[in-house]
Amino acid sequence: MPIYLSFLEIFDGRNRVNPDGPCRVRLKAWRPSGEPGRRGRRAMHRAGAAALHSGAPRFMLDRQVPREEQAMRISFYGAAGEVTGSCTLVEAGGVRFLVDCGMFQGGPEARTKNVHALNFGFDVRGLDFVLLTHAHIDHAGLLPRLAVLGFRGPIYATPATIDLLEVLLPDSAHIQEKESEWQLRHQHRRGKGGSPGGIQPPLYTVIEAQYCLGLLQPVNYGEALRPAEGVKVCFHDAGHILGSAWLEVTVSGQGRPRKLVFSGDLGMRDRPVLRDPERPVPEADVLLVESTYGDRLHRPLAETEDEIVAAFERTRAAGGNLIIPSFAVGRTQEIIYLLADLVRRQRLAPLKVYVDSPMANAATRITLAHPALLDSETRELLAWIEAHPDKLKIEFVADAERSKALNEVRSGAVIISASGMCEAGRIKYHLRENLPRSECSVLIAGFQAAGTLGRRLVDGARLVHIFSAPVPVRARIYTVGGLSAHADQAELLHWLRGFRTPPGHTFVMHGEAGASATLAQLIHDELGWSGVTVPRAGTRISL
């Protein structure tokens, strides 16, 4: 496949496709062809990146693989035997497309996986299009990387997903750039000179992320999309985060048309903020279903509320701060909803809450800009908040200096900050300041992938490292399981029962190995379906 390297990728003399080997490639200058769409131009203008139109230099290893007509084949390049890195390739009737293009997350091995991802065995310019289920980074985080490698086709997503990506993708790039800068400064402080050897360059830059936004094309729920000859797609509300969708894809090629259903990430019914997931179509030839919580049930919401109240009361009595790591999209808005509702029902005293995440602030604004996607209870609560400004005071922290000032607050602060798995962002500073204090509490309100700082806290670690420095854990760690944006085992089975007849092939993915295996067995035993498989990364299935 062609290999595209930006200046950042070769600044330390290494090739990101094979960082452990010598860079022995025939390089030639190349500039991206075509211009981004009108929406992308507006996004880049707002970010001050209009200069990208001139085309940033790239380098290409000139090796091509011819495209061929073929029967349908599905290849699993991520989220197979693990939760993150969602990326599925479909090839049929001369058409190639991806469903999701997500980043691997959790632990140092994730970096290696991301560097080597998107190696499909052919030029990525041979992809016709990408279908995106939602905006979470583990489903969309490598889209700019795909563009860096040469992809110039359309990326289809719902309008709300596109709005979120205009925030999430540049933020992801910014975090990577800052991490590389920090590594370089740390190397200088340790007296290793100015050589950049050993510094991990970003997977993509902010400018590259902004260029990628120009490839996004909006598709409304229920709209019939025909992205290529013989392919029909319909997006359905998945109820997971704002704009999330499960996909109904019909492919007509050699032989009869085949219907594929991709669940993406499914949400829970009867939960605050978003509408419930749409029921599936009556039948499908192929189903790919998530299994993040395929081996467990969420606690009832009433129990979750009791746990939140107990954490607040204990922390207030001890005179400490309550720190809530939260995903910027979806989880932060749900936590704000629950806190407001508990105050409204007088289960909590009036609160002052700091939301210290520029991305969460933007995601909240975007959520309010799509009222049609919210449930009726949320719209009613928003009206109550507006009518009672003294009951819940929310400060959306914007600048870094104000964020740093929060570290001087020793008691009474409720701080919601990203990232949700404590791997990046301002939450790391708040944890560094508050974890050593026994009077403080940390409320973990979402899934924590293996290898993440959040997972280590949930598993009871008494010492963690933040910014390479040891930090003792004396604060009390609360884990509440009822706030997940993912459907639990019962909800997944309920959604699957919406199929009138069992799909011909069912692939259980997007879950850790045990969760996927448990759900696959239940689908076989309780629903009576055959042809249920748990694919491994790299598995290719021909139909």
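Below: a short report on this structure.

Definitions and limits used
Within any chain, residue numbers begin from 1 and follow the written order of that chain's sequence. For this predicted model, a pLDDT threshold of at least 70 governs which residues receive local features, and a threshold of 80 or more governs which side-chain atom pairs are given and counted, while totals over whole chains, interfaces and linings are taken from all residues. Hydrogens and water molecules were not included; the side-chain quantities draw on all heavy atoms of the structure. Grid points spaced at 1 Å and placed over the protein atoms alone form the basis of the search, with a cavity being a set where a 1.4 Å probe fits but cannot get out and a pocket an open set showing protein on both sides within 12 Å along at least five of seven lines. Lining residues have an atom within 4 Å of a point. Grid points are joined across faces, edges and corners, and a volume is the space filled by probe spheres set on the points. Numbering of helices and strands runs from the N terminus, with a helix taken as a DSSP run of H or I at least four residues long and a strand as a DSSP run of E at least two residues long. Note on residue categories: nonpolar means Ala, Val, Leu, Ile, Met, Phe, Trp, Tyr, Cys or Pro, charged means Asp, Glu, Lys or Arg, and polar means any other residue, Gly included. The rule is short: rings of Phe, Tyr and Trp, with Trp giving its six-membered ring, pair when the centres are within 6.5 Å, and they are stacked under 30 degrees, edge-to-face over 60, tilted in between. Three exposure classes are used, based on accessible area relative to the maximum for each residue type with a 1.4 Å probe and protein chains only: buried under 20%, partly exposed in between, and exposed over 50%. The rule is short: NZ of Lys or CZ of Arg within 6 Å of the ring centre and within 35 degrees of the ring normal puts a charge over the ring. The criterion is simple. A nonpolar core is a set of buried Ala, Val, Leu, Ile, Met, Phe, Trp, Tyr and Cys residues joined through side-chain atoms within 4.5 Å. At least two bridges found by DSSP between two strands are what make those strands a pair. Only C-alpha atoms enter the line fits that serve as axes; for helices the fit covers just the stretch in contact. Angles between N-to-C directions range over 0 to 180 degrees. Contact definition: two residues touch when any of their heavy atoms are within 4.5 Å. For this document, the term salt bridge refers to a Lys or Arg side-chain nitrogen within 4 Å of an Asp or Glu carboxyl oxygen.

### Quick look at empty space enclosed by the protein
- One pass over the structure, following the stated rule, counts 5 cavities of 30 Å³ or more.
- A volume near 190 Å³ is recorded for the largest cavity.
- In terms of lining, the largest cavity is formed by 18 residues, of which the most central are His240, Pro272, Val273, Leu274 and Glu334.
- At 3 residues, the largest contribution of residues to the lining of the largest cavity is made by helix α9 (residues 331–344).
- Looking at the lining of the largest cavity residue by residue, the class counts come to 8 nonpolar, 6 polar and 4 charged.
- Of the volumes computed, that of the second largest cavity is approximately 130 Å³.

### Some thoughts on the packing of aromatic side chains
- Scanning the model with the defined rule gives 10 aromatic pairs in all.
- Here the aromatic rings of phenylalanine 129 and tyrosine 156 are separated by 6.1 Å at their centres, their planes lie at 65°, and the arrangement is edge-to-face. Of this pair, phenylalanine 129 sits in strand β7 (residues 129–131) while tyrosine 156 sits in strand β8 (residues 155–157), placing them 27 residues apart in sequence. Tyrosine 156 carries the same exposure label as phenylalanine 129, and that label is buried.
- Ring pairing ties together the aromatic residues Trp246, Trp495, Phe499 and Trp529, which thus form one cluster.
- Across from the ring centre of phenylalanine 122, 4.0 Å away, lies the NZ or CZ of arginine 96, which sits over that ring.

### Quick word on the layout of surface pockets
- What the second largest pocket holds in volume is close to 330 Å³.
- The wall of the second largest pocket is formed by 17 residues, among which Tyr293, Arg296, Gly446, Phe447 and Thr479 lie closest to the centre.

### Let's talk about the nonpolar core
- Phe120 and Leu146 are the most contacted members of the largest nonpolar core, which has 85 residues in total.
- Element by element, the count of residues in this core is highest for α9, at 8 residues.
- Within the second largest apolar cluster, 28 residues are counted, among which are Ile74, Val95, Val99 and Val251.

### As for the sheet that holds β8
- The 7 strands lie next to each other as β9-β8-β7-β6-β5-β4-β25, forming an open sheet whose pairing is mixed. Each edge of the open sheet carries a strand with a single partner, namely β9 (216–218) and β25 (540–542). Between one strand axis and the next, the sheet turns through 25° on average, direction left out of account.
- Here 2 bridges tie β7 to β8, and the two strands are oriented parallel to one another. Within β8, the residue paired with leucine 131 across the bridge is tyrosine 156.
- Where helix α6 (residues 159–189) meets the sheet, it contacts β8 and β9, and its direction lies at approximately 145° from that of β9.

### So, the pattern of salt bridges
- All chains considered together, the criterion is met by 25 salt bridges.
- Across the pair arginine 347 and aspartate 306 runs a salt bridge whose closest N-O atoms are separated by 2.9 Å. Of this pair, arginine 347 sits in the loop between α9 and β16 (351–356) while aspartate 306 sits in helix α8 (residues 301–318); the two residues are 41 residues apart in sequence, bridging distant segments of the chain.
- In this structure, arginine 455 engages aspartate 459 in a salt bridge whose closest nitrogen and oxygen atoms are separated by 3.6 Å.
- For arginine 455, a relative accessible area of 23% puts it in the partly exposed group.
- Among the charged side chains, a salt-bridge network with shared partners connects Glu305, Asp341, Arg344 and Arg345.

### Some points on the environment of leucine 483
- Its place among the elements puts leucine 483 in the loop between β22 (476–479) and α15 (489–496).
- You can call leucine 483 buried: its relative accessible area is 1%.
- Through-space distance from the C-alpha of leucine 483 to that of glycine 446 is 6.6 Å; in sequence the pair is 37 residues apart.

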